[in-house]
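Each chain is listed here by its residues.
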Amino acid sequence: MLVLDKKTFEEEVLNSDGFTLVDYYSDGCEPCKALMPDVEDLAEAYGDQVKFCKLNTTGARRLAISQRVMGLPAILLYKDGEKVDECTKDDATKAEIEAMINKHI
Amino acid sequence: MNQQYDVVIIGAGPAGLSAGLYAARSRMSVLILEKEKKGGQIVTTDEVANYPGSIREATGPSLIARMVEQCDEFGAEIKMKTVVDLDLKSKMKKVILDDDTVVEAKSVIIATGAEPRKLGVDGEKELTGKGISYCATCDADFFTDLEVYCIGGGDTAVEEAIYLTKFASKVTIVHRRDELRAAKSIQEKAFKNDKIEFIWDSVVEEVNGDGIVEQMVLRNKKTGEKQVIDAPEDVGTFGIFVFVGYIPNTELLDGHIKLSPRKYIEACTKMKTDVPGVFAAGDVRDKDLRQVVTATADGAIAATQAEHYISNTEF
């Protein structure tokens, strides 16, 4: 998965064509750490159709809020730089994320 | 072929891990099943101040990591699987997993815990993760220099309110009664904290906002008066952290074992449920004090009782 930061987010997500998925997590978010291997599995399976990225919101708080992310874990799906769907909190499970991907691609 | 174990433990929080440690140490074959994340609710806690011995590296995750390591060392197996059905009636009990695997066990220990209760108001679901949170350690950072409201008056609500003052510009505790239910020592800390204010006798009626929390409506339970809290114009939002108690994870068990009116498992002080060979441990059990220390104690007792049961039963 591509590791994003404040500097690369715009280019890799907002100015990117096709589907981009961003896993928002933080240092203090244990549910995020538990979910990450599942997202990595999905990256293996869908990596040729969706660009999988992750963003540590610790130190990128304003960027996350600009994307209306104020709770973790949050998995957002973008198409051509526009957010099309998301799975947040209780909905951020492997099955729900996979369903979200299949709904759009 | 079905997998067989002496003991299957459902839930890998402090109760389940302690049961696993004790059961594996007494040479039983042990499988611990966890559907979400190891550690249960305690992993969202940043400081476990009251578990004996936890004065160093006392974060929830580090405490759980050490419990998992101990379980591993004694040979308990942990699988990240969701239980979808149970057959507890027969002597060899069956635990059915989400990948259709059937696990057979001589004894089952239920340590499924509880989860935070929701407010149950309009706007809550849509705005969860958009200003409404149930996990301070997950989300506190987003509310740096913003105002935050903590709903609830128990230990968790007041402790988390104190934690949130490290981030937020102001924290207001909204409680439905006119006094807190939290332990006195915790209350004192809150009353001394300049950043904490209180709104008494009030409950949340609704939360509004377009993609982000912008407004909360409270109702005073004594006067019936409504109070509308709007986000300050310059920042446009505020935080709502909800700590209004817990609901037990017992949906799967209804009809299988005896539950209390509030749906907790009724088990005796030996952790026995009304079904022979089935034990309960931790927050899921109907009891007065739900803490890591009582969860681990329950787990240890449940495991030793499971061993008694197995050695005194013919399979």
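Fair warning: this is a prediction, and the values are worked out from it, not measured in the lab. (Residues numbered from 1 in each chain as written. Chains lettered and ligands numbered in written order. Predicted model: local features only at pLDDT ≥ 70, side-chain atom pairs only at ≥ 80, totals over all residues.)

### Focus on the overall build of chain B
Phase 1: A count of helices and strands for chain B gives 7 helices and 17 strands.
Phase 2: The C-alpha atoms of chain B give a radius of gyration of 21 Å, which matches the 20 Å a tight globule of 315 residues would have.
Phase 3: Counting only C-alpha atoms, chain B reaches 70 × 40 × 35 Å along its principal axes.
Phase 4: Contacts spanning at least 24 positions in sequence make up 62% of the contacts within chain B whose residues lie at least 6 apart. (Helix = DSSP H or I, 4+ residues; strand = E, 2+ residues; numbered from the N terminus. Rg over C-alpha atoms; globule rule 2.2 N^0.38 Å. Contact = placed C-beta atoms within 7 Å.)

### Quick word on the domain arrangement of chain B
All names here are of chain B.
Phase 1: Split into domains, chain B comes out as domain 1 (3-116 + 246-311) and domain 2 (124-242).
Phase 2: Between the C-alpha centres of domain 1 and domain 2 the distance comes to 32 Å.
Phase 3: With 4 residues of domain 1 at the interface, the matching set in domain 2 holds 6 residues.
Phase 4: The residue makeup of the side of domain 1 that touches domain 2, split by class, is 1 nonpolar, 2 polar and 1 charged. (Domains from an automatic or database assignment. Nonpolar A, V, L, I, M, F, W, Y, C, P; charged D, E, K, R; others polar.)

### Quick notes on the pairing of strand β14 (residues 226-230) of chain B
Residue and element names in this part refer to chain B.
Phase 1: Taking burial as the measure, the 5 residues of β14 include 0 buried ones, a minor fraction of the element.
Phase 2: Taken together, the 5 bridges between strand β13 (residues 215-220) and β14 define a ladder with antiparallel strand orientation. By the bridge assignment, R219 is partnered in β14 with K226.
Phase 3: If you look at the hairpin formed by β13 and β14, you'll find 5 residues sitting between the two strands, and G224 has a positive phi there, around 80°. (Buried ≥ 20, exposed ≤ 12 C-beta atoms within 10 Å, placed from the backbone. Pairing = 2+ DSSP bridges.)

### Notes on the environment of A297(B)
Residues and elements named next belong to chain B.
Phase 1: For A297, the location among the structural elements is in helix α7 (residues 292-311).
Phase 2: Of the residues examined, A297 has 17 C-beta atoms within 10 Å and is grouped as partly exposed.
Phase 3: Separated by 15 residues in the primary sequence, A297 and G282 place their C-alpha atoms 8.2 Å from one another.

### Comments concerning unusual backbone geometry
Phase 1: Each neighbour pair has its own omega, and for L72(A) with P73(A) the value is -5°, a cis peptide bond.
Phase 2: By the element assignment, P73(A) lies in the loop between α3 (61-66) and β4 (74-79).
Phase 3: In the Ramachandran plot, D100(B) falls in the positive-phi region, its phi being about 70° despite a non-glycine side chain.
Phase 4: By the secondary structure assignment, D100(B) is in the loop between β5 (93-97) and β6 (102-110).
Phase 5: At D201(B), a residue that is not glycine, the phi angle is positive and equals roughly 55°.

### Focus: the sheet that holds strand β9 (residues 147-151) of chain B
All names here are of chain B.
Phase 1: Read from one edge to the other, the open sheet built from 5 strands follows the order β8-β15-β9-β10-β11, with strand pairing classed as parallel. A strand with exactly one partner marks an edge of an open sheet, and here the two such strands are β8 (132-133) and β11 (196-199).
Phase 2: Summarising the sheet, β9 and strand β15 (residues 239-242) pair through 4 bridges and their orientation is parallel. Residue pairing for β15: Y149 is matched across the bridge by I240.
Phase 3: Packing against the sheet, helix α5 (residues 155-164) makes contact with β9, β10 (170-174), β11 and β15, and its axis sits at approximately 170° to β9. (Axes fitted to C-alpha atoms, helices over the stretch in contact; angles between N-to-C directions.)

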